[in-house]
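Listed below are the residues making up each chain.
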Amino acid sequence: MDPTDENFWQPLRELQEAMDAELVALYRDRDLAVRPRLTKPVIKLAHGGPMTIRALADALGVTHSAASQTVSVLRADGLVETSAGPDARTRIVTLTEEGRALVPLLEAEWRATERALAELDAEVPYSLIAAVADLRAALARRPFRDRVETHLPEALRG
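Everything in this summary refers to the structure shown in the same document. All values reported here derive from a predicted model rather than from experimental measurement.

## Some thoughts on the sheet that holds strand β2 (residues 80-84)
Right, so step 1: Spatial strand order, β1-β3-β2: 3 strands in an open sheet with antiparallel pairing. Across the chains shown, the open sheet's two edge strands, defined by having one partner strand only, are β1 (51-52) and β2.
Right, so step 2: Of the pairings in the sheet, the one linking β2 to strand β3 (residues 91-95) comprises 5 bridges and is antiparallel in character. Across the sheet, the residue bridging to Ala 84 is Arg 91, located in β3.

Written as structure tokens, this is what we have:
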């Protein structure tokens, strides 16, 4: 049996993908060609001003490589431009006029999304926020690595 047929996180990923698809539809209905994953970087650039890819990565909480890939997509979409930084390895990322024009709607959508998520979270009998906090507390008591190592001998036997 292929062990990847069992995937604990798949339902959560599918839920997030379905909700992102709804945001894509919301953007499409407003003739916007932006993707949900680009909302946060555009907003961060609007508030932080031109910044290096490293600074953007730090602001987003992602790796430099992930931020660089995001900047490539944003540049291809015409939402940012890059220019040489103070040294040969540094690039400065700046919103274009088109990118700046999107900011008010993207900020409103972000706020509306957060409110809708809070409403959804309150609607179910088990809060996702509370569940995540409980999982973090459980992992503080016993780290995930220890838990995996406990099951590894059994898993190696098949």
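## Regarding a nonpolar patch on the surface
Right, so step 1: Taken together, the side chains of Phe 8, Trp 9, Leu 12, Leu 15, Met 19, Leu 117, Leu 120, Leu 128 and Val 132 make up a nonpolar region of the molecular surface, amounting to roughly 850 Å² of accessible area.
Right, so step 2: Following the sequence through the fold, Phe 8 ends up in the segment before α1 (10-29).
Right, so step 3: With relative accessibility at 70%, the residue Phe 8 sits in the exposed group.

## Section: the nonpolar core
Right, so step 1: Counting residues in hydrophobic clusters, the biggest one holds 23 residues, and the most contacted among them are Val 34, Val 42, Leu 45, Val 80 and Leu 106.
Right, so step 2: When residues of this core are traced back to their parent elements, those giving at least two are α2 (36-48), α3 (53-60), α4 (64-76), β3 and α5 (97-123).
Right, so step 3: Aside from chain neighbours lying at most four places away, what touches Val 34 is Tyr 27, Leu 79, Leu 102 and Leu 106.

Rules of the game
- Position numbers for residues start from 1 in each chain and track the written sequence from start to end.
- A pLDDT threshold of at least 70 governs which residues receive local features in this predicted model, and a stricter bar of 80 or more applies before side-chain atom pairs are shown or counted, although totals over entire chains, interfaces and linings include all residues.
- Each side-chain value is worked out from all heavy atoms of the structure, with water and hydrogens disregarded.
- Any two strands between which DSSP finds at least two bridges are classified as paired.
- Only DSSP runs of H or I with at least four residues qualify as helices, and only runs of E with at least two residues qualify as strands; both kinds are numbered from the N terminus onward.
- Each patch is built from salt-bridge-free residues with over 30% relative accessible area, joining like charges within 9 Å and nonpolar side chains (Val, Leu, Ile, Met, Phe, Trp, Tyr) within 5 Å.
- Only the protein chains shown count as cover for residues, and all accessible areas are computed by the Shrake-Rupley method using a 1.4 Å probe.
- The term salt bridge refers to a side-chain nitrogen of Lys or Arg lying within 4 Å of a carboxyl oxygen of Asp or Glu.
- Only protein chains enter the area calculation, which uses a 1.4 Å probe; residues under 20% of their type maximum are buried, those over 50% are exposed, and those in between are partly exposed.
- Think of a nonpolar core as a cluster: buried Ala, Val, Leu, Ile, Met, Phe, Trp, Tyr and Cys residues, connected wherever their side-chain atoms sit within 4.5 Å.
- The contact criterion used is simple: two residues touch if any of their non-hydrogen atoms lie within 4.5 Å.

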